[in-house]
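Tertiary structure, described
Okay, here's what each chain looks like letter by letter:
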Amino acid sequence: MPYQDLRQFLEVLRKEGELIEIDRPMHLDNEIPKALKQISVYGGPALVFNKNGTDYRFLAGIYATRRKALLAFETTEDKLFDKFLSGLDHPIAPVMCKGAAPCQEVVLTGKDIDIRRFPIPKYSPKDGGPFITPAIPVTRDPETGAPDIGHYRYHVLGPDRLGFYAQVFHRFGKNIIKAQKRGKKLQGAILLGTDPVIAYACQVQGTDTTNDWEVAGGLRGAPVELVKCKTVDVEVPATTELVIEFEVEVDHLAMEGPLGEFTGYYTPASEKPTVRITAITHRRDPYVQGLLTGKPLTENHILKQVPFEASFWRTMNRQFPTIDRIAFRPAGGIQYYLVISMQPRFQGEARQAIMAALASNVRPKWVIVVEPDIDIYSSSDVEWAMSLRVQPHRDVFVVDNVPATHLDPSVDQSGPLETHISSAVGIDATRPVGKPFAEVADVPGWREFKMPELDKWRK
Ligand SMILES: Cc1cc2nc3c(=O)[nH]c(=O)nc-3n(C[C@H](O)[C@H](O)[C@H](O)COP(=O)(O)O)c2cc1C
């Protein structure tokens, strides 16, 4: 049975020893981020901070480990990939909620709106202020009406004002531009605290016409139940903990940033459009969700990895059926470092796959292709292939003048964002097709060999 809401998932985390409550007072800026860093480094439980200086409880770390991702998808590591693909292949349309929606138990409008009353930390010491980091804005494509969800950071600037940074090649960014061209303000609603599968659905790399509610329904195995917002023309999942309804004001500019980003570096502050909050609605006694971002590995990376790998594999495998697995490496900020395992059918096919990956909207910076005998999740195996199956002058190539992902600090940051360019590297670490190559020297059958003495020692 899919989770009906965040609270059911939290119950499971609690039972599995993956969630603990902290009842002593903790400071949102000076202490809570340090605790969150510890759970990322040590693979610890999700944390609920009951005394954080506000009237609301603060929850973070629910995506911080792979084990919690498995609990979110109610599966095991060996079945996760196939379960995700099957969900992508069987989208389920959303339904409208009958009766009162929990997310609208409390409705704040007009003078009652003050986002600063909720627990929102400043995660890294040089952040420009408090940031809502796991925010999921829901918007509609102004041309097609297709609903879109994605994760975007929001900088708290005032009681009803948030700064944000929607990169122009992401759908939220594209929707803003489309609305602007039509002389309209884009309306939307930020979700905080949903059934976890909805959060993973945000990171599926699909097309601009995809109905994201259908994707989320497919992944859940049941329709998402929606309710109309109070002040904007958008629908949101009825059981969301906290909803922030808004209008984008492209002419109301304000300084947004800096923020310690998933790249492990601060992105500098700059003047950007803002959103005006038109209503805040929430469940009674809501969990207000946060997420640590910054130097890998944080929950930001875990949250992206599963959906990126499955949805990008689906896209690539259509053209390259001999692709076995793909891995977006968390240390490379997920999207910058991609390893593909495939058995090339003819010489040059690995390079062709690299070029297809580089040309995609994911825009990886490093693409390495290895054969299926290499474990792409093992840095040691991948380094072995790169060291001894590669002749750099033949197998490594650099593509210059490709569009930059704006958050990469190695990119020349001068000039307007749309002028930024990057370069990317392809490494074909497969052995030449149809030519002899030295035989691998390993100890066959070692895995199956019974060694009770070692089993005992390991325990
Ligand atoms: C926690 C988190 C925060 C993110 N914040 C931003 C952001 O502020 N701006 C942005 O352009 N992308 C951000 N991303 C990446 C987008 O969410 C991601 O590319 C997503 O697929 C975009 O969805 P969309 O194109 O459907 O809008 C973030 C990702 C995560 C996991």
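Here we summarise the structure given alongside this text.

Analysis parameters
- Residues numbered from 1 in each chain as written.
- Predicted model: local features only at pLDDT ≥ 70, side-chain atom pairs only at ≥ 80, totals over all residues.
- Heavy atoms only, no water.
- Helix = DSSP H or I, 4+ residues; strand = E, 2+ residues; numbered from the N terminus.
- Axes fitted to C-alpha atoms, helices over the stretch in contact; angles between N-to-C directions.
- Parallel < 35°, antiparallel > 145°, perpendicular 65-115°, else oblique.
- Left-handed = near helix turned anticlockwise from the far one by under 90°.
- Contact = heavy atoms within 4.5 Å.
- Near = heavy atom within 4 Å.
- Polar contact = N/O pair within 3.5 Å; in protein donor to acceptor, adjacent residues only side chain to side chain.
- Areas by Shrake-Rupley, 256 points an atom, 1.4 Å probe, with all protein chains shown as cover.
- Pairing = 2+ DSSP bridges.

This part covers the environment of F9. If you trace the backbone, F9 turns up in helix α1 (residues 6–15). Between the alpha carbons of F9 and G110 there is a distance of 33 Å; along the sequence they are 101 residues apart.

So, on to the packing of helix α4 (residues 77–89) against helix α7 (residues 212–220). For the pair α4 and α7, interaxial distance at closest approach is 7 Å and the crossing angle is 135 degrees. Relative to α7, α4 is oriented oblique. Crossing of α4 against α7: the hand is right-handed. Residues F84, G87 and L88 of α4 touch α7, and the partners they reach there are V215, G218 and L219.

Around the ligand lies a shell of 19 residues, among which D148, H151, Y152, Y165 and R171 are the nearest. Within the side chain of Y152, an N or O atom sits 2.5 Å from an oxygen atom of the ligand. In the model, an oxygen atom of the ligand is placed 3.1 Å from a nitrogen or oxygen of the Q203 side chain. Expressed as a share of its isolated accessible area of 650 Å², the protein-covered part of the ligand is 92%. Those elements that provide at least two residues to the shell around the ligand are β8 (147–149), α5 (171–181) and α8 (299–319).

This brings us to the sheet that holds strand β18 (residues 287–290). With respect to topology, four strands assemble into an open sheet ordered β1-β2-β3-β18, the strand pairing being mixed. Lying at the two open borders of the sheet, with one neighbouring strand each, are β1 (19–22) and β18. The average angle at which neighbouring strand axes cross in this sheet is 25 degrees, direction not considered. Two elements, strand β3 (residues 57–60) and β18, share four bridges in a ladder whose sense is parallel. Following the sheet pairing, L59 is matched in β18 by Q289. Sheet strands touched by helix α2 (residues 32–42): β2 (46–49) and β3. Its angle to β2, the strand with the most contacts, is close to 160 degrees.

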